[in-house]
Amino acid sequence: MAETLEFNDVYQEVKGSMNDGRLRLSRQGIIFKNSKTGKVDNIQAGELTEGIWRRVALGHGLKLLTKNGHVYKYDGFRESEFEKLSDFFKTHYRLELMEKDLCVKGWNWGTVKFGGQLLSFDIGDQPVFEIPLSNVSQCTTGKNEVTLEFHQNDDAEVSLMEVRFYVPPTQEDGVDPVEAFAQNVLSKADVIQATGDAICIFRELQCLTPRGRYDIRIYPTFLHLHGKTFDYKIPYTTVLRLFLLPHKDQRQMFFVISLDPPIKQGQTRYHFLILLFSKDEDISLTLNMNEEEVEKRFEGRLTKNMSGSLYEMVSRVMKALVNRKITVPGNFQGHSGAQCITCSYKASSGLLYPLERGFIYVHKPPVHIRFDEISFVNFARGTTTTRSFDFEIETKQGTQYTFSSIEREEYGKLFDFVNAKKLNIKNRGLKEGMNPSYDEYADSDEDQHDAYLERMKEEGKIREENANDSSDDSGEETDESFNPGEEEEDVAEEFDSNASASSSSNEGDSDRDEKKRKQLKKAKMAKDRKSRKKPTEVKKGKDPNAPKRPMSAYMLWLNASREKIKSDHPGISITDLSKKAGEIWKGMSKEKKEEWDRKAEDARREYEKAMKEYEGGRGESSKR
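Our subject in this report is the structure included herewith. Please read these numbers as outputs of a predicted model, since none were measured by experiment.

Here's the deal with the overall build of the chain
What the chain contains, in helices and strands, is eleven helices and 32 strands. Within the chain, the fraction of its 624 residues that count as buried is 39%. Sequence-distant contacts, at least 24 apart, represent 46% of the contacts inside the chain between residues at least 6 apart. Entry remark: accessible area of the chain is about 38300 Å², with carbon and sulfur atoms responsible for 46%.

Concerning the sheet that holds strand β10 (residues 111-115)
Strand order in this open sheet of three strands is β10-β11-β12, and the pairing throughout is antiparallel. In this open sheet, the two edge strands, each paired with only one partner strand, are β10 and β12 (126-132). Going from strand to strand, the sheet's axes swing by 25 degrees on average, the running direction of each strand aside. With five bridges connecting them, β10 and strand β11 (residues 118-123) associate as antiparallel partners. Pairing of lysine 113 across the sheet is with serine 120, part of β11.

Overview of the nonpolar core
Ranked by internal contacts, the top residues of the largest apolar core, which has 41 residues, are Phe202, Ile218, Leu223 and Phe255. For this core, the element with the most residues is helix α4 (residues 310-322), which contributes nine residues. Discounting residues that sit within four places of it in the chain, phenylalanine 255 has contacts with Leu242, Phe243, Leu244, Leu273, Ile274, Leu275, Phe277, Val314, Ser315, Met318 and Ile326. By size, the runner-up hydrophobic cluster in this structure holds 26 residues, among which are Phe391, Leu414, Phe417 and Ile425.

Considering the environment of threonine 49
Relative to the helices and strands, threonine 49 resides in strand β6 (residues 48-55). Classification of threonine 49 by relative accessible area gives partly exposed; the value is 39%. In this structure, the C-alpha to C-alpha distance between threonine 49 and leucine 95, residues 46 residues apart in sequence, is 7.6 Å. In this view, threonine 49 contacts Leu65, Thr66, Lys67 and Leu95; residues no more than four positions away in its chain are not counted.

Focus: the state of the cysteines
Applying the stated criterion to the full structure yields zero disulfides. Between cysteine 343, a free cysteine, and cysteine 340, which holds the nearest cysteine sulfur, the sulfur-to-sulfur gap is 9.1 Å.

Digging into the environment of tyrosine 72
Following the sequence through the fold, tyrosine 72 ends up in strand β8 (residues 71-77). Here the alpha-carbon distance between tyrosine 72 and aspartate 41, two residues 31 residues apart in the chain, equals 8.9 Å. Each residue touching tyrosine 72, except ones within four places of it in the same chain, is listed here: Asp41, Ile43, Leu62, Lys63, Leu64 and Thr66.

With respect to the sheet that holds strand β30 (residues 374-381)
Reading across the sheet, the seven strands line up as β29-β28-β27-β26-β32-β31-β30 and stay open at both edges, with antiparallel pairing between neighbours. Each having just a single partner strand, β29 (367-370) and β30 make up the two edges of the open sheet. Going from strand to strand, the sheet's axes swing by 30 degrees on average, the running direction of each strand aside. By the bridge criterion, two bridges tie strand β26 (residues 341-345) to strand β32 (residues 400-407) in an arrangement that is antiparallel. Counted as the bridge partner of serine 344 is serine 404 from β32. Each of β26, β27 (348-354), β28 (358-362), β30, β31 (388-395) and β32 touches helix α5 (residues 411-420); the most contacted strand, β30, lies at about 160 degrees to it.

Quick notes on a negative patch on the surface
On the surface, Asp280, Glu281, Asp282 and Glu312 cluster together into a negatively charged patch. Given the relative accessible area of 57%, aspartate 282 is considered exposed.

Some points on α4
For α4, built from 13 residues, the straight-helix expectation of 18 Å at 1.5 Å per residue is met to within 8% by its first-to-last C-alpha distance of 18 Å. Most of α4 is tucked away, with ten of its 13 residues classed as buried. Within the span of α4, buried status applies to Leu310, Tyr311, Met313, Val314, Ser315, Val317, Met318, Ala320, Leu321 and Val322. Downstream of α4 by a residue or two, asparagine 323 has a phi angle that is positive, lying close to 65 degrees.

Thresholds, definitions, all that
Residues numbered from 1 in each chain as written. Predicted model: local features only at pLDDT ≥ 70, side-chain atom pairs only at ≥ 80, totals over all residues. Heavy atoms only, no water. Helix = DSSP H or I, 4+ residues; strand = E, 2+ residues; numbered from the N terminus. Buried < 20%, exposed > 50% of the residue type's maximum accessible area, 1.4 Å probe, protein only. Contact = heavy atoms within 4.5 Å. Areas by Shrake-Rupley, 256 points an atom, 1.4 Å probe, with all protein chains shown as cover. Pairing = 2+ DSSP bridges. Axes fitted to C-alpha atoms, helices over the stretch in contact; angles between N-to-C directions. Core = buried A, V, L, I, M, F, W, Y, C linked by side-chain atoms within 4.5 Å. Disulfide = S-S within 2.5 Å. Patch = residues over 30% accessible without salt bridge, like charges linked within 9 Å, V, L, I, M, F, W, Y side chains within 5 Å. Salt bridge = Lys/Arg side-chain N within 4 Å of Asp/Glu carboxyl O. Lys, Arg positive; Asp, Glu negative; His and termini not counted. Charge placed at Lys NZ, Arg CZ, Asp CG, Glu CD. Expected span 1.5 Å × (residues − 1).

Don't take any of this as a statement about function, it's just geometry.
Right under this line is the structure:
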């Protein structure tokens, strides 16, 4: 048997990525050299406690456990190499190399075992998966849940970031299985630990995002948010920016912390931490450090004993520890004198702060947009009322933000601010024929020509002139009083039939006067349209000397029989008389109807003869 075994194509798992290397087994121990990083693992033979051979995704693998709890895994072996390795382990390490397969059943319920720095999820006696606890960056607990978060691996295209375990409650008193699980993880995990006492603690601060009351413990390298339900540890290296923003009511202050990467709770990501303070709330603060340490670390930015407003103390401490400047609003002032604008974003109302280098919206959801990200801005017409307008921002990546329901009085201030910052305004310099995006708010900027406004004024003048020409009573005439569903003839007849009655009735009745004016408007609009549609058409008057048209056979019979029908049916109404006459005529014999047909024919001949004489006489008079 050879004294050493070498495997050149074997590689090791490191934080989810595969790194090639060279594995060498000798009587003294096992050595693995990573070909990418040059790192060397040296395992002494006397430290080995267990060796497991198992089938994995890439061939077969070797799992080694040591006395101090470390776990080493090497994959890429061939199946034929098992006997050679097994004999070598027996001879030199006095260790039985056990074969143990992974469970491939689709179950999600099993037992968790903690062995050294490894968390193993087993079904029966077979492991399903294993988690190196050194890869765990955060461990949070819920009611019956424990969530493990992992360090991000930049070498892998896809990496696992979070795993949740459901821990069923037990009947044992005094033992919380969730806390016991979390403590086992934290004992071996690479989690940010609070070593030593906090520099200072702020109690029961009101937090808008994430919502709730939190104690903030300030440590040298991270910030600890402790709430009733959740805990968050925020390293100072993840803090991008700090903002101190006055509320519009001038009685409160927002302190905003921008984070990247964000803090997480389940599927929710919080890119901003927003604290709300009252200006009247004061605090006396004593740092948990001696004066020499304070002077050495903070170089005069902080002192051991400080007092003042709560928001000033928090912002001052954060600025010193994070070592970033605090952004405050610049010289912008809205219509009411505040340094922000009330508006709505998505479904919630909030405050938009124009800053020196960007915009920030507080608070749900918080939005920060830098000027160098903006492609253009747009002033748009309000969708619900003309008393407000929308302010749209589109970034160079194509993302659009719409801040709606901004009061019209804020237009001039915001336009001047955007113009001074030299941002690209989409609807600047509108021309005739273009569809503009905003209306009369542009008149607040006297130097800016608004073609849309000019066009609307011209159309208004034309409508006034038409109204003055069409009627004498043009003071109250508007387009809205016209109902396009009504027919012209009906409107005119309604006016004609009621004009005398309405004018001679009780003039003191205001309701009747209002009705009269509406009827006048409708009639005038109808006449005006009729005159526009047919300007050359003139209604001919009826000549009283012209011959009367002849009656039909039915009408001749009805005139002759009307009195007889009335006598046969005393008190009959006109409507019923007409119905009765129709029934009698319908039931009349053919011979009797022919008699009335002859009379109607004689009347028609007489009418034609009279018409010829009438037309002949009218033609001679026209010649004269």
